[in-house]
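Listed below, chain by chain, are the residues.
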Amino acid sequence: MQAAATKEAELIRRIVAGEKELFHELIRPYERMVYLTVLSIVKNETDAEDAAQEAVINAYRHLDSFRAESKFSTWLTTIAINEGRKRLRKAKSAAEESLEEAAEEKEGDYTPAPLTDWREIPLEALERRELREALRRAVASLPEIYKQVFTLRDLENLNTEETAEALGLTAGVVKVRLHRARILLQKQLVPFLKTAAPARKGLFRRAL
Amino acid sequence: MKLNCKHVWEHISEFIDGSVDAQLRAEIERHLEHCEICSAILDSTRNILILTADDRTFELPVGFSERLHERLKKEIEGSEPELKKK
C-alpha cells in the first residue's frame, strides 16, 4: 500500500515536471471510481461517461494544484463530484433540486425487512443478468444524498473521513446516510434475493 | 442493558463496519446468538454489500477506457504549449 502511494506520488511529480503522457498511467486505476462517482449523481450512462471524461481532463489540467495532504483518490473524487453536479444542474430545474434538498429532513422508514430463513447468494450468481440488473436498479433508486455516500463508501471503498471530505459533509452525516442507504437496499432487495435463491427444505438457521 | 431488535437495527451499519465500541459489540453479538430475525437481517445486508461491490454489478460501458484515453491523448498533445508557459 505504502509502496503504491510512493509510486503514485512519484508519477504525479514527473507529470507536473513535464512527462505529461504518464497521466494515462496515473489515471488508469481510477477510471472505474470516477465513472461510478458521476453515475451516482447524473441520470444516465451517457451523461456519466461524458462527465467522467470531463472530470479526468479537469484533473489533468489542474494536477499542479494537487497537494499531497489529501489522497489523490479523494482529490479526484471531489473533481468527479463537481463535474457530476454541474452536469445535473444543466439537466434539471432549480425547483426540482430544492425539493431534493428538503428530502433529508423528512422522516422516513429506515427499518430493515425482517426475515428468518436467509440463504446466501453466491458471487457466481452475478453471472445472471437479472441479478446484476436488480442490484443496479436498487442502487439507482436510492435518494441522491444516500446514493452518493453509498457509492463512495461501499462501491469505491473510501473511508468515512475521505467520503466526508469529498462530499463536504461531517463524518456523522456520512454514517447516518450510509446506514439509511444500506437499510433501504436491504429492504428493497431481500424479497428479490429470496426468490433468487429459494430456501432448501429443512435449512433453517438457529444461530450464527 | 438488554438490547432489543430495534436497537440492533439502529447499529447494524456500524456493526458491519466494525466501528461500534467493544461493549456494544458484545451486546449485539449476544443478541444475535438467539435472534434469528436480526441474524438474517445482518447476513442479508452483508451479502447485499458484497454483491453490489462486485465489479460485475456495475460494469464500465464497453469501450469506456479506450474513448477516455483517446480524449486524454488529444488533450495532452493539444495542451503542450499552454503547459510549457507555466
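Residues numbered from 1 in each chain as written. Chains lettered and ligands numbered in written order. Predicted model: local features only at pLDDT ≥ 70, side-chain atom pairs only at ≥ 80, totals over all residues.

*Asks:* An account of the overall build of chain B is requested, with residue identities and associated values reported.
*Replies:* Looking only at helices and strands, chain B has five helices and zero strands in total. Walking chain B from its N terminus toward its C terminus, one meets helices and strands in the order α-α-α-α-α. The buried share among the 86 residues of chain B stands at 24%. (Helix = DSSP H or I, 4+ residues; strand = E, 2+ residues; numbered from the N terminus. Buried ≥ 20, exposed ≤ 12 C-beta atoms within 10 Å, placed from the backbone.)

*Asks:* Can you tell me about the interface of chain B and chain A, naming the residues and giving the values?
*Replies:* Taken together, the 34 residues of chain B in the interface contact 42 residues of chain A. Mapped onto the side of chain B that touches chain A, the elements with two or more residues apiece are α2 (12-17), α3 (22-34), α4 (36-53) and α5 (64-85) of chain B. Here the side of chain B that touches chain A takes 14 residues from α4(B), the largest share from any one element. When the residues that make up the side of chain B that touches chain A are grouped by side-chain class, the tally is 17 nonpolar, nine polar and eight charged. (Contact = placed C-beta atoms within 7 Å. Nonpolar A, V, L, I, M, F, W, Y, C, P; charged D, E, K, R; others polar.)

*Asks:* Before we move on, could you go through the confidence of the model for chain B and cite the residues and values that matter?
*Replies:* Residues and elements named next belong to chain B. Model confidence for chain B is summarised by a mean pLDDT of 90, while 90% of its residues fall at 70 or above. Model confidence for chain B, summarised as mean pLDDT per element, is weakest for α5 at 81 and strongest for α2 at 96. The complex prediction reports pTM at 0.85, with the ipTM value standing at 0.87. (pLDDT = per-residue confidence, 0-100.)

*Asks:* Break down helix α5 (residues 72-91) of chain A for me, with residues and values.
*Replies:* Residues and elements named next belong to chain A. Here α5 is 20 residues long and its end C-alpha atoms lie 29 Å apart, about the 28 Å a rise of 1.5 Å per residue gives. Looking only at α5, the buried set comprises F72, W75, L76, T77, I79, A80, I81, E83 and G84. Considering only its buried residues, α5 is in contact with α1 (2-16), α3 (31-39), α4 (45-61), α8 (144-155) and α9 (160-167). (Expected span 1.5 Å × (residues − 1).)

*Asks:* Give me unusual backbone geometry: which residues, what numbers.
*Replies:* Backbone geometry places A:N157, a non-glycine residue, at a positive phi of 60 degrees. Exposure remark for A:N157: the 12 C-beta atoms within 10 Å place this residue in the exposed category.

*Asks:* An account of α3(A) is requested, with residue identities and associated values reported.
*Replies:* With seven of nine residues buried, α3(A) is to be regarded as a mostly interior element. Along α3(A), the residues that are buried comprise A:M33, A:V34, A:Y35, A:L36, A:T37, A:V38 and A:L39.

*Asks:* Account for the packing of α8(A) against helix α10 (residues 171-196) of chain A, with residues named and values stated.
*Replies:* Residues and elements named next belong to chain A. Between α8 and α10, the least distance of the axes is 8 Å, while the angle of their chain directions is 95 degrees. The angle between α8 and α10 falls in the class roughly perpendicular. In this structure, α8 uses I145, Y146, K147, V149, F150 and R153 to contact α10, whose residues at the interface are V174, R177, L178, R180, A181 and L184. (Axes fitted to C-alpha atoms, helices over the stretch in contact; angles between N-to-C directions. Parallel < 35°, antiparallel > 145°, perpendicular 65-115°, else oblique.)

*Asks:* If you had to explain the nonpolar core to someone new, which residues and values would you point to?
*Replies:* Within the largest apolar cluster, 50 residues are counted, with the highest numbers of intra-cluster contacts made by A:V34, A:V38, A:A52, A:A55, A:V56, A:A80 and A:A181. Considering each element in turn, this core owes the most residues, nine residues, to α10(A). Here this core gathers at least three residues from each of two domains, domain 1 (2-91) and domain 2 (123-196) of chain A. Among all residues touching A:A181, those that are not within four sequence positions of it are A:L142, A:Y146, A:K147, A:V149 and A:F150. Formed by twelve residues, the second largest nonpolar core is a distinct cluster that contains B:I12, B:L32, B:A40 and B:L42. (Core = buried A, V, L, I, M, F, W, Y, C linked by C-beta atoms within 7 Å. Domains from an automatic or database assignment.)

*Asks:* Would you mind going over the domain arrangement of chain A in detail, with residue names and values included?
*Replies:* Residue and element names in this part refer to chain A. As far as domains go, chain A holds domain 1 (2-91) and domain 2 (123-196). On a C-alpha basis, the centres of domain 1 and domain 2 stand 22 Å from each other. Residue-level contacts link ten residues of domain 1 with eleven residues of domain 2. For the side of domain 1 that touches domain 2, the elements supplying multiple residues, two or more each, are α3 and α5. Broken down by element, the side of domain 1 that touches domain 2 gets its largest block of residues, four residues, from α5. Its residues assigned to classes, the side of domain 1 that touches domain 2 shows four nonpolar, five polar and one charged.

*Asks:* So what's going on with the packing of α3(A) against α5(A)? Which residues, and what values?
*Replies:* Packed helices, taken two at a time, are described by their axes: the angle between them and the distance between them. Residues and elements named next belong to chain A. One way to put it is that α3 packs onto α5 with a least axis distance of 8 Å and a crossing angle of 35 degrees. At the point where α3 passes α5, the crossing takes the right-handed sense. Contacts between α3 and α5 involve M33, V34, T37 and V38 on the former and, on the latter, S73, L76, T77, A80, I81, E83 and G84. Across the contact of α3 with α5, the residue classes break down as six nonpolar, four polar and one charged. (Left-handed = near helix turned anticlockwise from the far one by under 90°.)

*Asks:* Can you lay out the environment of A:P143 for me, pointing to particular residues and giving the numbers?
*Replies:* All names here are of chain A. With respect to the helices and strands, the residue P143 is situated in the loop between α7 (129-140) and α8. The exposure class of P143 is partly exposed, given the 16 C-beta atoms found within 10 Å. Between the alpha carbons of P143 and A181 there is a distance of 8.4 Å; along the sequence they are 38 residues apart.

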